[in-house]
Amino acid sequence: MKIDILTIFPEYFSSPLAHGIIRRAIEAGLVQITPWDLREFTHDRHRTTDDRPYGGGEGMVMVPGPIFEALEHLGVDEAGTTSSKVIYLSPRGRPFSQEMAVQLVQHEHLVILCGRYEGVDQRIIDHLVDLEISIGDYVLSGGEPAAMVVVDAVVRLIPGALGCESSAEHDSFSNGLLEHPHYTRPRDFRGWKVPEPLLSGDHKRIEEWRRRESLRITLERRPDLLATAVLSTEDLRILDELRDSKGHDSTDREQE
Ligand code: ADE
């Protein structure tokens, strides 16, 4: 897989690409990630990448020329005409999700455009961008951190990128629920104990405990996810029980 990132701050990506799973995936040749400096595609003395908005108003807009030339350099033509997927990060985009990451990892070539200031000239979005993505309902000072979020979520899904192939399957969201909590040694840390079922060695009990915790946390924090998660009759029974006990348990922390 190839990922090209268009930005006016290519150095921004040096550290995140040089650590952990992403670094390993790059070293293993599973992915090639290149940050491109948009200023390299300018032709004026000041290497201008932004200008004032038509119609007036606050802020600056990124000019289309350098972005167009960078895309041309990468062999990208009008949206939808090449196999490359061009993504633009902005708070106006479609909400990013695990499902979207699963779809994006199927593409051989992603181009991620990072905006700064008030964003990029709309004609770039209309004619060259395939997908506009937001990573959440808040405004960042540029698309770079959002691009890194998308790159991370996608790269860890490339087959072979995670040390243990099965880890991504158990992640939060991958089965429609939030993941259960994890514990490691020691069993008793300053009087805080590991839940007993996890120490039992009884795999069925452990799985039941984990499923219940996953359902409990999802019910408490993201009940909206329950509407689309695949749930068994036993899950539904547990959820009813959790709802009942929640209603009666005044010591429940989430209710205080
Ligand atoms: N650029 C600025 N804010 C953003 C957000 N929330 N998501 C994606 N890109 C952004």
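Residues numbered from 1 in each chain as written. Predicted model: local features only at pLDDT ≥ 70, side-chain atom pairs only at ≥ 80, totals over all residues. Heavy atoms only, no water.

What am I meant to see in the overall build of the chain here?
For the chain, the helix and strand inventory stands at nine helices and nine strands. Taken over the C-alpha trace, the chain has a radius of gyration of 23 Å; the compact-globule value for 256 residues is 18 Å, which it surpasses by more than 25%. Across the 256 residues that make up the chain, the buried fraction comes to 40%. Restricting to contacts in the chain with at least 6 residues of sequence separation, those with at least 24 account for 73%. A total accessible area of about 15,500 Å² is found for the chain, and carbon and sulfur atoms account for 51% of it. Side chains of the chain give 29 positive and 44 negative charges; the mean places of these two sets differ by 6 Å. (Helix = DSSP H or I, 4+ residues; strand = E, 2+ residues; numbered from the N terminus. Rg over C-alpha atoms; globule rule 2.2 N^0.38 Å. Buried < 20%, exposed > 50% of the residue type's maximum accessible area, 1.4 Å probe, protein only. Contact = heavy atoms within 4.5 Å. Areas by Shrake-Rupley, 256 points an atom, 1.4 Å probe, with all protein chains shown as cover. Lys, Arg positive; Asp, Glu negative; His and termini not counted. Charge placed at Lys NZ, Arg CZ, Asp CG, Glu CD.)

Which parts of the structure should I look at to understand the site of the ligand?
With respect to spatial proximity, the complete set of residues near the ligand consists of Leu 89, Ser 90, Pro 91, Ile 133, Ser 134, Ile 135, Gly 136, Tyr 138, Val 139, Leu 140, Gly 142 and Ala 146. One nitrogen or oxygen atom from the main chain of Gly 136 is found 3.1 Å from a nitrogen atom belonging to the ligand. One of the backbone nitrogen or oxygen atoms of Leu 140 is found 3.0 Å away from a nitrogen atom of the ligand. Against a free-state accessible area of 260 Å², the protein chains account for coverage of 95% of the ligand. Among the elements of the structure, β5 (85-95) and β7 (131-134) are those that each provide at least two residues to the shell around the ligand. (Near = heavy atom within 4 Å. Polar contact = N/O pair within 3.5 Å; in protein donor to acceptor, adjacent residues only side chain to side chain.)

What should I look at first to understand the packing of aromatic side chains in this one?
The description of two aromatic rings rests on the distance between their centres and on the angle between their planes. Scanning all chains against the criterion turns up four aromatic pairs. Plain terms: the ring middles of Tyr 12 and Phe 13 are 5.3 Å apart, the flat faces sit at 70° to each other, and that makes the pair edge-to-face. Owing to a relative accessible area of 0%, Phe 13 belongs among the buried residues under this scheme. Ring centres of Trp 36 and Phe 41 lie 6.3 Å apart, and the angle between their planes is 55°; this geometry places the pair in the tilted category. (Phe/Tyr/Trp six-rings, centres within 6.5 Å; stacked < 30°, edge-to-face > 60°.)

What exactly am I supposed to notice about the sheet that holds β7 here?
One key point about sheets: their strands pair by backbone hydrogen bonds, in either a parallel or an antiparallel sense. Pairing in this open sheet of five strands is parallel, and the strands run β2-β1-β6-β5-β7 from one edge to the other. Two strands close off the open sheet at either side, each with one partner strand: β2 (32-37) and β7. Strand after strand, the sheet turns through a mean of 30° between neighbouring axes, direction not considered. Looking at chain direction, β5 and strand β6 (residues 109-114) are connected through five bridges and run parallel. By the bridge assignment, Ile 87 is partnered in β6 with Ile 112. Strands in contact with helix α3 (residues 64-73) are β1 (2-7), β2, β5 and β6; relative to β1, the strand with the most contacts, it is inclined by about 160°. Sheet strands in contact with helix α6 (residues 144-155) are β1, β2, β5, β6 and β7, and its direction is about 160° off that of β6. (Pairing = 2+ DSSP bridges. Axes fitted to C-alpha atoms, helices over the stretch in contact; angles between N-to-C directions.)

Would you mind showing me how to read unusual backbone geometry here?
Across the chain, the bulk of peptide bonds are trans and the bulk of non-glycine residues have phi less than zero. Note that the residue after Arg 185, namely Pro 186, is joined by a cis bond; omega there is 0°. Note that Pro 186 resides in the loop between α7 (167-170) and β8 (188-189). If you check the backbone angles, Arg 47 has positive phi at about 50° while not being a glycine. Mapped onto the fold, Arg 47 is located in the loop between β2 and β3 (50-51). Look at Arg 47 and you get partly exposed, because its relative accessible area is 32%.

Explain the domain arrangement of the chain here, please?
According to the domain assignment, the chain contains domain 1 (2-155) and domain 2 (188-255). Placing a centre on the C-alpha atoms of domain 1 and another on those of domain 2 gives a separation of 39 Å. (Domains from an automatic or database assignment.)

Is there a simple way to think about the side chain of Glu 144 in this case?
Mapped onto the elements of the fold, Glu 144 is located in helix α6. Glu 144 sits in the buried class, given a relative accessible area of 0%. A polar atom in the side chain of Glu 144 sits 2.9 Å from the side chain of Arg 116. Other than its neighbours up to four places away in sequence, Glu 144 contacts Thr 7, Ile 8, Phe 9, Tyr 12, Phe 13, Cys 114, Gly 115 and Arg 116.

I tried to follow the pairing of β7 on my own but got confused; where do I start?
A regular strand carries its side chains on alternate faces of the sheet. Residues of β7 alternate between two faces, with Leu 131 and Ile 133 on one and Glu 132 and Ser 134 on the opposite face, all of them buried. Judged from the five bridges that link them, β5 and β7 form a sheet pairing that is parallel. Paired with Tyr 88 across the two strands is Glu 132, which belongs to β7.

So what exactly am I meant to see when it comes to the nonpolar core here?
Buried together is how nonpolar side chains tend to be arranged in soluble globular proteins. Membership of the largest hydrophobic core comes to 34 residues, with the highest contact counts inside it found for Ile 3, Ile 33, Leu 104, Ile 133, Val 151 and Val 155. Contributions of two or more residues to this core are made by β1, α2 (20-27), β5, α4 (98-104), β6, β7 and α6. Broken down by element, this core gets its largest block of residues, eight residues, from α6. Residues contacting Val 155, with those up to four places away along its chain left out, are Ile 3, Ile 22, Ala 25, Val 31, Ile 33 and Ala 161. (Core = buried A, V, L, I, M, F, W, Y, C linked by side-chain atoms within 4.5 Å.)

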